[in-house]
Amino acid sequence: MLSDAAIDWVIDAYTNGRVAEEQMSALLMAIFLRGMTPAEIVRWTAAMITSGERFDFTDLRRDGRPLALVDKHSTGGVGDKITIPLLPVVMACGGAVPQASGRGLGHTGGTLDKLESIPGFSAELSKDRIRQQLRDVGAAIFAAGELAPADRKIYALRDITSTVDSLPLIASSIMSKKLAEGARALVLDVKVGRGAFLKTEPESRELARTMVELGNANGVPTRALLTDMNRPLGRAVGNAVEVAESLEVLSGGGPDDVVALTLALATEMVDAAGIDGVDPADTLRDGSAMDRFRALVAAQGGDLSQPLPVGSARETVTAPRDGVMGDIDAMGVAMAAWRLGAGRAQPGEPVQFGAGVRIHRRPGEPVSAGETLFSLYTDTPDRFSAALAELDGAWAVGESAPADPPLLIDRVG
């Protein structure tokens, strides 16, 4: 078992260049193969938090009262644009959200990529700017920057040593950044299924339990929802296309599953923040959530009066016959969007803001022969063949509606 002192030393020494890549690789492989005890995971996470700055916003007040600081994190899915409508709903309920977000890698989209598709929007915020926005606007969405710098360096090494798929390292990676960002309560959305990072419910449940325990051990009350990710969320997968769908939700419309998950997480966040007497659904009906989103985007330089980008080239997939739309494989759609340019293969690569997939018929909906089922967008038409190959086999038209699994599987914590 690693002692507290050993963990503190190795995280600090590796972050500051006093431990060689080869030595750290050996330790990561040992953790990958043998796991960690709960106490080791707690200390490893705390050491990664200590490697950088831990924000403290407890002194901030609005109307003479401390801010109700609460945040949410998703383990990543397909069409998972929930942060975009969720934050303004919580803001409109009286919460304040310090949201450290990331950019996408592989099949999973990044919240910052989506929001940066809004003309002028910037997530590069100083600490003073974050504080000002939390007080005056009610939220700030920012790049993690120097939060838990040990995690950034360790994750890069995990990637090249094939030790990414280690539950203790996954949990500590996520929670080190979330616990450093200054929220007083945290709600997790842990995905389960084909389009999730972890495919099985037992794996996802164990990750949720571990992260909830890490949050609580670090003085941040934490709870998690296990949610289905076998199908894409909503009808849009990409960057700007997901922002457009989020605007539909904030306008009181949008796909039922996106609305349901937004409100389920908002209810958890509002309760965790200690806010009483509000119904998150009211903020979508009365327009107050949309008002808060406009204020947030404007504060970060975004201009919602400008059109969102759309790929200059379009390809469609049509129904081969009459029938009912069958299941849609989330991973197939995600890989198609990635092939179109909506995602990246390596950190730092550019993405196409206008690339993505629109889903015109959801599972269980009737279809007619020849009608459009999917629209694919990109600025580079030579990407269509690879994207269509990914989509092939990810959907079917049948005679009857497929089973409709519950979106909300369970609650942990």
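Residues numbered from 1 in each chain as written. Predicted model: local features only at pLDDT ≥ 70, side-chain atom pairs only at ≥ 80, totals over all residues. Heavy atoms only, no water.

Trainee: Account for the packing of aromatic side chains, naming residues and giving values.
Mentor: In this structure the tally under the stated criterion is 3 aromatic pairs. Judged by centre distance (5.8 Å) and plane angle (55°), the ring pair of Phe374 and Trp395 falls under tilted. Here the residue Phe374 occupies a position in strand β13 (residues 372-378), and Trp395 occupies one in the loop between α15 (384-391) and β14 (397-398), the gap between them amounting to 21 residues. Given the relative accessible area of 0%, Phe374 is considered buried. Among the aromatic side chains, those forming a connected cluster through ring pairs are Phe55, Phe57 and Phe142. The aromatic ring of Tyr14 is capped on one face by Lys153, whose charged end is 4.6 Å from the ring centroid. (Phe/Tyr/Trp six-rings, centres within 6.5 Å; stacked < 30°, edge-to-face > 60°. Helix = DSSP H or I, 4+ residues; strand = E, 2+ residues; numbered from the N terminus. Buried < 20%, exposed > 50% of the residue type's maximum accessible area, 1.4 Å probe, protein only. Lys NZ or Arg CZ within 6 Å of the ring centre and 35° of its normal.)

Trainee: Break down the pattern of salt bridges for me, citing the residues and quoting the values.
Mentor: In total, this model carries 33 salt bridges according to the counting rule given. Across the salt bridge formed by Arg321 and Glu399, the nearest N and O atoms sit 3.0 Å from each other. Of this pair, Arg321 sits in the loop between β9 (313-318) and β10 (323-325) while Glu399 sits in the loop between β14 and β15 (408-412), placing them 78 residues apart in sequence. The class of Arg321 is partly exposed, set by a relative accessible area of 34%. Of the residues examined, Glu399 reaches a relative accessible area of 66% and is grouped as exposed. A single network of salt bridges, built from pairs that share partners, joins Arg223, Glu268, Asp271 and Arg411. (Salt bridge = Lys/Arg side-chain N within 4 Å of Asp/Glu carboxyl O.)

Trainee: Could you give an account of helix α6 (residues 127-136), naming the residues involved and the relevant values?
Mentor: Every buried residue belonging to α6 is among Ile130, Arg131, Gln133 and Leu134, and all of these are buried. One face of α6 carries all of its buried residues, which in axial projection span an arc of 165°. Check the buried side of α6 and you find it contacts β1 (61-62), β3 (68-74), β4 (95-101), β5 (139-143) and α13 (288-299). Two residues or fewer past α6, Gly138 is found with a positive phi of approximately 110°. (Arc of directions from axis to C-beta. Contact = heavy atoms within 4.5 Å.)

Trainee: Outline helix α3 (residues 38-50), supporting the account with residue identities and numerical values.
Mentor: The end-to-end C-alpha separation of α3 is 18 Å, in line with the 18 Å expected for 13 residues at 1.5 Å each. Taken as a whole, α3 has its buried residues at Glu40, Ile41, Trp44, Thr45, Ala47, Met48 and Ile49. (Expected span 1.5 Å × (residues − 1).)

Trainee: So what about the packing of helix α1 (residues 4-15) against α3? Which residues, and what values?
Mentor: In contact at an axis separation of 9 Å, α1 and α3 are set at 35° when each is read in the N-to-C sense. By crossing handedness, the relation of α1 to α3 is classed as right-handed. Here Asp4, Ile7, Asp8, Val10 and Ile11 of α1 come into contact with α3, specifically with Glu40, Arg43, Trp44, Ala47 and Met48. Of the residues in the contact of α1 with α3, the class split is 6 nonpolar, no polar and 4 charged. (Axes fitted to C-alpha atoms, helices over the stretch in contact; angles between N-to-C directions. Left-handed = near helix turned anticlockwise from the far one by under 90°. Nonpolar A, V, L, I, M, F, W, Y, C, P; charged D, E, K, R; others polar.)

Trainee: I'd love a proper account of the side chain of Ser204, names of residues and values included.
Mentor: Within the secondary structure, Ser204 sits in helix α9 (residues 201-217). Within polar-contact distance, the side chain of Ser204 engages the backbone oxygen of Lys191 at 3.0 Å. The contact partners of Ser204, leaving out residues within four places of it in the chain, are Val190, Lys191, Val192, Leu198 and Leu226. (Polar contact = N/O pair within 3.5 Å; in protein donor to acceptor, adjacent residues only side chain to side chain.)

Trainee: Would you mind going over the UniProt feature "domain: Pyrimidine nucleoside phosphorylase C-terminal" (unreviewed entry) in the protein chain in detail, with residue names and values included?
Mentor: The sites that carry the UniProt feature "domain: Pyrimidine nucleoside phosphorylase C-terminal" (unreviewed entry) are, in the present numbering, residues 324-398. Within the segment residues 324-398, helix and strand shares are 25% and 23% respectively, and the terminal C-alpha atoms sit 5 Å apart. (UniProt positions renumbered as here; feature names shortened; annotations may be inferred.)

Trainee: Would you mind going over the pairing of strand β6 (residues 185-192) in detail, with residue names and values included?
Mentor: The buried fraction of β6 is high, at 8 of 8 residues. A two-sided burial pattern is seen for β6, the buried positions comprising Ala185, Val187, Asp189 and Lys191 on one face and Leu186, Leu188, Val190 and Val192 on the other. The pairing of β3 with β6 spans 5 bridges and is parallel. Bridge pairing links Asp71 to Leu186 in β6. By the bridge criterion, 7 bridges tie β6 to strand β7 (residues 222-228) in an arrangement that is parallel. For Lys191, the partnering residue across the bridge sits in β7 and is Thr227. On the question of chirality, the crossover connecting β6 to the parallel β7 by way of α9 is right-handed. (Pairing = 2+ DSSP bridges. Right-handed = clockwise from strand over helix to strand, strands pointing away.)

Trainee: Lay out the domain arrangement of the protein chain with the relevant residues and their values.
Mentor: Domain boundaries assigned for the protein chain yield domain 1 (61-300) and domain 2 (313-398). If you average the C-alpha positions of domain 1 and of domain 2, the two centres end up 25 Å apart. Together, the buried faces of domain 1 and domain 2 total about 2,200 Å²; carbon and sulfur atoms form 53% of this surface. The interface formed by domain 1 and domain 2 holds 5 salt bridges in total. Measuring nitrogen to oxygen at the nearest pair gives 2.8 Å for the salt bridge that ties Arg362 to Asp257. Linking domain 1 with domain 2 are 14 residue pairs in polar contact (both at pLDDT 80 or more), by the criterion used here. (Domains from an automatic or database assignment. Buried area = accessible area lost by both parts, 1.4 Å probe.)

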